[in-house]
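Residue-level structural notes
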Amino acid sequence: MHTSQDQNVYLSSGYQRSSKREWKPLEDRSCTDIPWLLLFILFCIGMGFICGFSVATGAAARLVSGYDSYGNICGQKNAKLEAIPNSGMDHTHRKYVFFLDPCNLDLINRKIKSVALCVTACPRQELKTLSDVQKFAEMNGSALCSYNLKPSEYTTSSKASVLCPKLPVPASAPIPFFHRCAPVNISCYAKFAEALITFVSDNSVLHRLISGVMTSKEIILGLCLLSLVLSMILMVIIRYISRVLVWILTILVILGSLGGTGVLWWLYAKQRRSPKETVIPEQLQIAEDNLRALLIYAISATVFTVILFLIMLVMRKRVALTIALFHVAGKVFIHLPLLVFQPFWTFFALVLFWAYWIMTLLFLGTTGSAVQNEQGFVEFKVSGPLQYMWWYHVVGLIWISEFILACQQMTVAGAVVTYYFTSRDKRNLPFTPILASVNRLIRYHLGTVAKGSFIITLVKIPRMILMYMHSQLKGKENACARCVLKSCICCLWCLEKCLNYLNQNAYTATAINSTNFCTSAKDAFVILVENALRVAAINTVGDFMLFLGKVLIVCSTGLAGIMLLNYQQDYTVWVLPLIIVCLFAFLVAHCFLSIYEMVVDVLFLCFAIDTKYNDGSPGREFYMDKVLMEFVENSRKAMKEAGKGGVADARELKPMASGASSA
């Protein structure tokens, strides 16, 4: 039960759906979508079972300590495997895995096609001959040839060329925590790197790129921090430049469309007036085709410009709402400064989960029973129903990742809803609205978040399967099949984006009403449909403004990178460091500005509900900020002045009047 002070503060706790549709705070919040929360908990228990099974079957020891081609785990005593030669050996003092041919990579199955042995030490220097291999074994007690061959026989046995490592043996060092001898020279993996990075066709290029990254790592780190600072600064100042920025963009779009259309018509007129007598017959047809193409382009540009002008004419008044929402969003970040750090917590949670997921995946890759392959070596495979644990694990990656992102959306929505529906004196805000929102999420709305994220998972999995099929069939399928696959992928992508947007608004409705996911999604959808033109204005003008903000941060960081790298005389190839910096800058800008976009969307839904159920009269006062209230008053004045000519505006403001009429 909430205290009376909580009831005064959290007017956003919900509203009673009475016949008068009045806003009233609920005394307590009810848990929503409990069955889905139980289903999600059971699913997570299943994920834990997979991890526990892989650890219990010895996979953890095989992953960390490594094992040889006969099933022996390095660094411990091993039990004898039936019908497997050289198994059951005591490798207590042999703690490292050594591959006889470490550069023989299977790119399809992503593994090393080589005999693996447990050795005492990795060769730190290159061994060019079998005599060097023999000397290394005698000095370090580390036999690099097969267990069946004694060090004294390395130079005399006829089988040494097969049972000993491929010469020259590259210098190697143990991988920390995983006890594998890995070649120090990266050129050993040039073929593998070229398969991953298709633009690298020369080992020297690869060396220069990697050495460039290592040389300029301090500059890269500094530029990444610069992009972080620029993103945070932009979030603060965007509220002050939103009005100017919108009109600058509008003017640029108008001038660009008019200029482009004018240039096309000018080129068409110039080509049409040019004398054709001087053109040779072979080029006459080409000139006519170009003239016809210019005419088509000019007509298309004209139609596009006219449509664009009509859209801007219709949307011109709704742009003012976008500007007002951006201004209020800036105030939200002033009163709720912890919102700025929300991407950090989400990223930290995702990294922890992904680390756990990858570790479990590696465990699964070494779990199962020992099976002898065609070469007589041991592989570990899972049989029976347990072999489908991979699919369960992949679904878990998608669902839990979407769940974490949805928790961020619900947390932001709850905090912004609290800010909006608190009385105009923001001093009544709770000390930490973000932590209060997290508390309400954990206590009441985890089931709603689980259901919403599961719906996204249901759409994302088929799209990923189709993308995998498309990549595997590339160059093999006919044109019709390729078109069908791409169309299905595109449709699923569009559906996923629409559901993501609806889910975000459903979480906002849940934060307001404390209703389950389906009811909240229906309520949010009705509000969005009633304000379709406003939604279009916010999602076009607002998103374009934020996109320009991302471009500004990437360009600023990239320019700073070029200037800094220009002073680094010992490094000439800037491609990879600049790509890394620009990608990181875009990722950081996207994380921060997506929070800003989320706040704007939540504010808009709150504003739409506020204007629908309140009219500003005594007892039905607006909860909105003064900036939004000025927008409402200006819209009402414009509607009164327009009279009968303002039918379109009257339609737009009809939801505001409906609340009063229903009273």
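Summarised in this report is the structure supplied together with it. (Residues numbered from 1 in each chain as written. Predicted model: local features only at pLDDT ≥ 70, side-chain atom pairs only at ≥ 80, totals over all residues. Heavy atoms only, no water.)

Topic: the pattern of salt bridges
Threshold: The salt bridge criterion pairs a side-chain nitrogen of Lys or Arg with a carboxyl oxygen of Asp or Glu, the two atoms within 4 Å. In DSSP terms, a helix is any run of H or I states spanning at least four residues, a strand is any run of E spanning at least two, and both are numbered starting from the N terminus. Only protein chains enter the accessibility calculation, which uses a 1.4 Å probe; a residue whose area is less than 20% of its type maximum is buried, one above 50% is exposed, and one in between is partly exposed.
Inspection of the entire model under this criterion finds four salt bridges. Of the charged contacts in the structure, one is a salt bridge between Glu402 and Lys460, with a shortest N-O distance of 2.7 Å. Note that Glu402 is positioned in helix H11 (residues 389-421) and Lys460 in helix H12 (residues 433-472), a separation of 58 residues in sequence. Here Glu402 falls in the buried class, since its relative accessible area comes to 11%. Looking at Lys460, the relative accessible area reads 17%, which means it is buried. With a closest N to O distance of 3.3 Å, Lys460 and Glu496 form a salt bridge. With Lys460 in helix H12 and Glu496 in helix H13 (residues 479-513), this pair connects stretches of sequence that are 36 residues apart. Just as Lys460 is buried, Glu496 falls in that class too. Where salt bridges share partners, they join Glu402, Lys460, Arg463 and Glu496 into one cluster.

Regarding unusual backbone geometry
The omega torsion of the bond from Leu167 to Pro168 falls at -10 degrees, within 30 degrees of zero and hence cis. With a phi angle near 60 degrees, Ser514 is a residue other than glycine that sits in the positive phi range. Residue placement: Ser514 occurs in the loop between H13 and helix H14 (517-530).

Looking at the packing of helix H2 (residues 34-56) against helix H10 (residues 342-366)
Worth spelling out the cut-off: Orientation is described by axes fitted as lines to C-alpha atoms, over the contacting stretch for helices, and by angles from 0 to 180 degrees between their N-to-C directions. We call two directions roughly parallel when the angle between them is under 35 degrees, roughly antiparallel when it is over 145, roughly perpendicular when it lies between 65 and 115, and oblique otherwise. Here a crossing is called left-handed whenever its near helix is offset anticlockwise from the far helix by less than a right angle, and right-handed whenever the offset is clockwise. Contact criterion: two residues are considered in contact whenever any of their non-hydrogen atoms come within 4.5 Å of each other. Just so you know the grouping, Ala, Val, Leu, Ile, Met, Phe, Trp, Tyr, Cys and Pro go in nonpolar, Asp, Glu, Lys and Arg go in charged, and all remaining residues, Gly too, go in polar.
For the pair H2 and H10, interaxial distance at closest approach is 9 Å and the crossing angle is 45 degrees. The orientation of H2 relative to H10 falls into the category oblique. The chirality of how H2 crosses H10 is left-handed. Here H2 contributes Met47, Gly48, Ile50, Cys51, Ser54 and Val55 to the contact with H10, which in turn contributes Phe353, Tyr356, Trp357, Thr360, Phe363 and Leu364. The residue makeup of the contact of H2 with H10, split by class, is nine nonpolar, three polar and no charged.

Concerning the environment of Ser54
Put simply, the test is: Counting of polar contacts relies on pairs of N or O atoms within 3.5 Å, with two restrictions inside protein: one atom must be capable of donating a hydrogen and the other of accepting it, and residues adjacent in sequence are counted only when both atoms are side-chain atoms.
If you trace the backbone, Ser54 turns up in helix H2. What makes Ser54 buried here is its relative accessible area of 0%. Here the alpha-carbon distance between Ser54 and Leu364, two residues 310 residues apart in the chain, equals 5.7 Å. Leaving out residues up to four positions away in the same chain, Ser54 has contacts with Ala59, Ala60, Phe363, Leu364 and Thr367. From its side chain, Ser54 meets the backbone oxygen of Cys51 in a polar contact 2.7 Å long.

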